[in-house]
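Architecture and fold: a report
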Amino acid sequence: MEVRVAKKRFNCPHCGENSKLPDPCPQEGLFKISCALCQNQSLIRFQGGNYFVEKKLPATKPIKYKSKPFFEKQVKKESNVDQNSKDTTNHFALPTFFRSLKDRIQDKDFSKPKDKPGRNKVSNSTERKKYLSLLYWSGLAILLFSITVLAFLGTGVLRTKSELSDIIGNLSKGKPTKIIDRNGQVVSEIFQKRISTLKLEDYPENLITALLNVEDRGFYSHGGIDLTALFRAIVKNIIHLRYKQGASTITQQLARILLDDRTKSLGRKWKELELAFALESNLSKDQILEYYMNNVYLGHGAYGFGEAIKFYFNKNPSEINKSEAILLATLPSAPNRNSPLRNPSQSRERLEYIMIAFKNRGVLKDIPHDEISDIYSRFSTRSPNETVFGNRQDLAPYVTEHIRSFLKSIGEGDSIYDEGGYTVETTLIKDIQKNVGNIVHNHLQGVIRSGQVRKTVLRRSAVVDSKEEIAIKSLLKEASLAMELFSSSEWEEESSTTPNGLQAAVIALDPKTGEILFMHGGDEFKAQNQFNRAIQMRRQTGSSIKPILYASAINSGIITNADKILDAPLIYRGVQGLPNWTPDNLGKKYDGEISLRYALAQSKNTAAVQIAEKLGYSQLDHYFGSFFFPDSAEKNKRFRNDLSLALGSLEISPLEMASAFSSFSNEGKIQKPYLIKKITNQSGEVIFERGNHDEFDLKIPNERSVIKPDTAEVVLSLLKDSGKSSGIYRSGYKGLVAGKTGTTNDNKDAWFIGNRPGITMAIWVGFDDPRLGMGPGGLGGRVAAPLWGEIMKKADSEKLMEIQEFPKPVFAISAPVCGSRKIQCPDCTAPNHEWFTIDHVKPDNCNEYSKEIEDKREMLQELF
């Protein structure tokens, strides 16, 4: 006899199915119960809340369905078990959901399937069992899979959270390296991509509202994934049978930016999901939004809304209107397809569609229609291929390239782009530097258009026989005179008005400190023209070297301002069959006995050669080494000791010339020139400070004295007169100058190096190819000096530099001159006053000058 616990059902002994018991269920007594399924009866005894089948009555109905219950199994009877008090039924321990589902299914009265010819009848109970079995195991599999996925996801999120600071740190990489001037103003930037660096509060509220409404309306409510938006996107994409709408939240888009992985794979999507949850759990919503707005790509090379605002509208963020804000918000999803420059009609269509949607939502409404028309009319005048690289701020491209090379030399070259974010503090004056490039370009174009410069191809005359050619080459090798020392009669010129290739170099420094104030290395900077002639080029200097020669002779006492020099033709006879050398003046003009001041102002070659000859090779070696080659190895490589030095046969860079001339304004001392003061990385760590670093590889000390202070003052007084006759005032410049022009033979190089209080500037003009000359008009006084004047005229007109007077000499002595090397007392008739060094004034019993000389000699002994 089988005992059951009364649970409103009993197991029919006829069909084996569970059938309903009366409700309410009797507590005590014997009852005849009919099976609801097979209609056969059984005697059921109820006792103490349990029941058992007392007797199986004879079947009166045919049994149609008979199967063993799926959710129960029979328990074998044991002889020692009291069947009246023990429940011997064992149920599977199913989850509550499945047990209730089983009960709900069994409560239904499934109709018997209709018989079909040729097929066996299938039991409803079997179908139910199969269905429930499939449902159970499917649900269990889904549950286990979900648990596994969540476990893996949780592990991945925890791992990603530990790496999050490094991942977010990648956002700061690639930021522009900024080059700033002495006042902290940005002069130039170096970057591979432009990334915004604004704070969230710097962005206008209209832009933030537009962005959130376009990209992620539930941004401030979801935890990284918007399930509602995901479901909506799935439905919409199914309806349209193609990809129509995405569901990535701003957090997911930021994760995609951080991963920098565009591959379409489940692995990438999984990493993106992990990172999105990690971002949400570690950052505030405002931080996520700020990172996103500064780094999302918005087309044409612009990363972040800050850069996009500058590129598309040339405005500050606070200045954009509602239409512009909405237009920017349309770009993140498809920056190229929605570009108002590249696809204006499609961009406008999308903008108007979104504005209608906003109006329906009550967001950013009441926008005048002419705002949109105005936007696209402005875009219609711009190139569809325009990028942020064409608009980048670079007021000093030659300076930028120098700094790029310098960073590479100190081991930071790759980091300029990979890391970025450097700040390079320089000595530049931005307001002058930004004008120099245009002034140079306009000047070069002007001298070409006016016919002053004519591109001239130089070539050796065919009438020179081979024997003489050999002799000339031998002389050149021995004296290192180069081609500039030969008369132009040995050359033929082919004139051409082709302007291609005329270049200029400009570099200015502070003589007291060596700081580079501005620099420009050629005509327009472009891919084919990046050579920085101001610091990388060495050319023969022509007569611009003469102040160095005069300073050497005055410092050594060989000559003074009271001396006279005979300006007459010179012939230096060649030895061992070599040809003679005859250094000529320009135009072969000679003036007889002349003063030192007049000789320098008129750039007399004959006087310079005579001074060099008096100075001697030993002194030439000493002084030129001091001015240009304090490093012995550099001197051995570049210096040649012969009389051609007096006419500028050495090859010197514009920077070296400016540095040498700075001694005349700095008491005879030369400061090592430098442009870069300090470099810090994006973390604020100082990676370079000037110190003793030789930025331009000049192989010179930080400071060196090359002449005495009184000599510097004497030479500066000579250069004032030389500057007046240099042609500088043709430019309209009206200020002070003390300088010297220089022109090499065949007008291949034109120079002007000029000083005024606070600045020494060197100018070179010419062609890169030494086989080209500039024609008869390519003189230092006609093409180089006026450029110096144009630059300083611009600086003075805009008050970019303080205008000062030359200081009165402190160390030199002024004395009257009446005749050759004879200094007279005040009773001299009509004397000329000249400046002299303290050691080379002979007062001839003039007590008035004797006391002044002694006082200044004591001062010099303390300083020099």
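Residues numbered from 1 in each chain as written. Predicted model: local features only at pLDDT ≥ 70, side-chain atom pairs only at ≥ 80, totals over all residues. Heavy atoms only, no water.

Next up on the list: the overall build of the protein chain. Secondary structure assignment for the protein chain yields 23 helices and 31 strands. When burial is assessed residue by residue, the protein chain has 49% of its 864 residues classed as buried. Sequence separation of 24 or more characterises 69% of the internal contacts of the protein chain that already satisfy a separation of 6 or more. Looking at the protein chain as shown, the accessible area adds up to about 42,700 Å², and 50% of this sits on carbon and sulfur atoms. (Helix = DSSP H or I, 4+ residues; strand = E, 2+ residues; numbered from the N terminus. Buried < 20%, exposed > 50% of the residue type's maximum accessible area, 1.4 Å probe, protein only. Contact = heavy atoms within 4.5 Å. Areas by Shrake-Rupley, 256 points an atom, 1.4 Å probe, with all protein chains shown as cover.)

It is worth spelling out the confidence of the model for the protein chain at this point. The predicted coordinates should not be examined in detail at positions where pLDDT is low. Across the protein chain, the average pLDDT comes to 81, with 77% of residues at or above 70. Scored below 50 in pLDDT, residues 104-122 makes 18 contacts in the model with residues more than four places away or belonging to other chains. In this model, residues 844-850 is a region of pLDDT below 50 whose contacts with residues beyond four sequence positions or in other chains number twelve contacts. (pLDDT = per-residue confidence, 0-100.)

Glancing now at the environment of lysine 178. Secondary-structure assignment places lysine 178 in strand S9 (residues 177-180). Taking the relative accessible area as the measure of exposure, lysine 178 reaches 35% and is therefore partly exposed. With near-sequence residues (within four places) excluded, lysine 178 lies in contact with Val186, Ser188, Glu189, Tyr422, Thr423 and Val424.

Quick look at the pairing of strand S10 (residues 186-190) now. With four of five residues buried, S10 lies mostly within the body of the structure. Pairing geometry for S9 and S10, over four bridges, is antiparallel. Paired with isoleucine 179 across the strands is serine 188, a residue of S10. Between S9 and S10, which pair antiparallel one after the other, the connecting turn spans five residues, and glycine 184 there sits at a positive phi close to 85 degrees. (Pairing = 2+ DSSP bridges.)

Right, let's talk about the packing of aromatic side chains for a bit. How two aromatic rings sit relative to each other is set out by the distance from centre to centre and by the angle between their planes. Tallying each qualifying case throughout the model produces 22 aromatic pairs. Ring centres 5.9 Å apart and planes at 45 degrees place the aromatic pair phenylalanine 313 and phenylalanine 379 in the tilted group. On the criterion of sequence distance, the pair formed by phenylalanine 313 in helix H8 (residues 305-313) and phenylalanine 379 in helix H11 (residues 369-379) is long-range, its members being 66 residues apart. Ring centres of phenylalanine 661 and phenylalanine 664 lie 5.5 Å apart, and the angle between their planes is 70 degrees; on these two criteria the pair is classed as edge-to-face. The exposure classification of phenylalanine 661 matches that of phenylalanine 664, with both residues buried. Grouped by ring-pair contacts, the aromatic residues Phe624, Phe627, Phe628, Phe629, Phe639, Phe661 and Phe664 constitute a single cluster. For lysine 285, the ring lying beneath its charged end belongs to phenylalanine 219, and the centroid distance is 4.6 Å. One Lys or Arg, arginine 690, reaches over the ring of tyrosine 674 and ends 3.9 Å from the middle of that ring. (Phe/Tyr/Trp six-rings, centres within 6.5 Å; stacked < 30°, edge-to-face > 60°. Lys NZ or Arg CZ within 6 Å of the ring centre and 35° of its normal.)

Evaluated as defined, the whole model comprises 29 salt bridges. Notably, a salt bridge pairs glutamate 307 with lysine 310, separated by 3.3 Å at the nearest N-O pair. Highlighted residues: glutamate 307 and lysine 310, both in helix H8, separated by three residues, approximately one helical turn. Taking the relative accessible area as the measure of exposure, glutamate 307 reaches 8% and is therefore buried. Note on lysine 310: relative accessible area 41%, which makes it partly exposed. (Salt bridge = Lys/Arg side-chain N within 4 Å of Asp/Glu carboxyl O.)

Attention shifts here to the nonpolar core. Formed by 83 residues in total, the largest nonpolar core has its most connected members in Phe627, Phe628 and Phe664. If you tally residues by element for this core, the top one is helix H18 (residues 605-628), at ten residues. If we ignore the near neighbours within four places in the chain, the residues touching phenylalanine 664 are Pro547, Ile548, Ala551, Phe627, Ile707, Ala712, Val715, Leu716, Leu719 and Asn755. Counting residues in each nonpolar core, the second largest holds 53 residues, with Tyr292, Leu331, Phe358 and Leu364 among its members. (Core = buried A, V, L, I, M, F, W, Y, C linked by side-chain atoms within 4.5 Å.)

Hydrogen bonds between backbone groups are what pair the strands of a sheet, and the pairing can be parallel or antiparallel. Pairing is mixed in the open sheet, where five strands are placed in the order S10-S9-S13-S23-S24. Strands at the two margins of the open sheet, each flanked by one partner only, are S10 and strand S24 (686-689). Ignoring which end each strand starts from, the neighbouring axes of this sheet average 15 degrees apart. Looking at chain direction, S9 and strand S13 (residues 423-426) are connected through three bridges and run parallel. What sits directly across from lysine 178, in S13, is threonine 423. Taken strand by strand, helix H12 (residues 397-409) contacts S9, S10, S13, strand S23 (676-680) and S24, and its axis lies near 60 degrees from that of S23. (Axes fitted to C-alpha atoms, helices over the stretch in contact; angles between N-to-C directions.)

This part covers a nonpolar patch on the surface. On the surface, Leu143, Leu144 and Ile147 cluster together into a nonpolar patch covering about 290 Å² of accessible area. Within the element layout of this structure, leucine 144 appears in helix H2 (residues 124-169). (Patch = residues over 30% accessible without salt bridge, like charges linked within 9 Å, V, L, I, M, F, W, Y side chains within 5 Å.)

Looking now at the pairing of S24. Two strands pair when backbone bridges link them, and S23 and S24 are joined in this way by three bridges, in the antiparallel orientation. Directly across from threonine 680, in S24, lies its bridge partner valine 686. What sits between the antiparallel neighbours S23 and S24 is a turn of five residues, in which glycine 684 has the positive phi angle 90 degrees.

Burial runs high along helix H7 (residues 285-295): eight of the eleven residues are buried. Taken together, the buried positions of H7 are occupied by Lys285, Ile288, Leu289, Glu290, Tyr292, Met293, Asn294 and Asn295.

Let us now look at the sheet that holds strand S26 (residues 738-743). Strand order in the open sheet formed by five strands is S17-S16-S28-S27-S26, and the pairing between neighbours is antiparallel. Of all the strands in the sheet, the pair left with one neighbour each is strand S17 (516-520) and S26. Sheet twist, expressed as the mean angle between neighbouring strand axes with direction ignored, is 10 degrees. Alignment of S26 against strand S27 (residues 749-756), held across six bridges, turns out to be antiparallel. When the sheet's bridge partners are listed, glycine 742 is paired in S27 with tryptophan 751. Sheet strands in contact with helix H14 (residues 430-449) are strand S16 (502-509), S17 and strand S28 (759-767), and its direction is about 145 degrees off that of S16.

By the secondary structure assignment, glycine 625 is in helix H18. Along the backbone, glycine 625 and phenylalanine 639 are 14 residues apart, and their C-alpha atoms lie at a distance of 8.0 Å. Ignoring any residue separated from it by four or fewer positions in sequence, one finds glycine 625 in contact with Leu620, Pro630 and Lys635.

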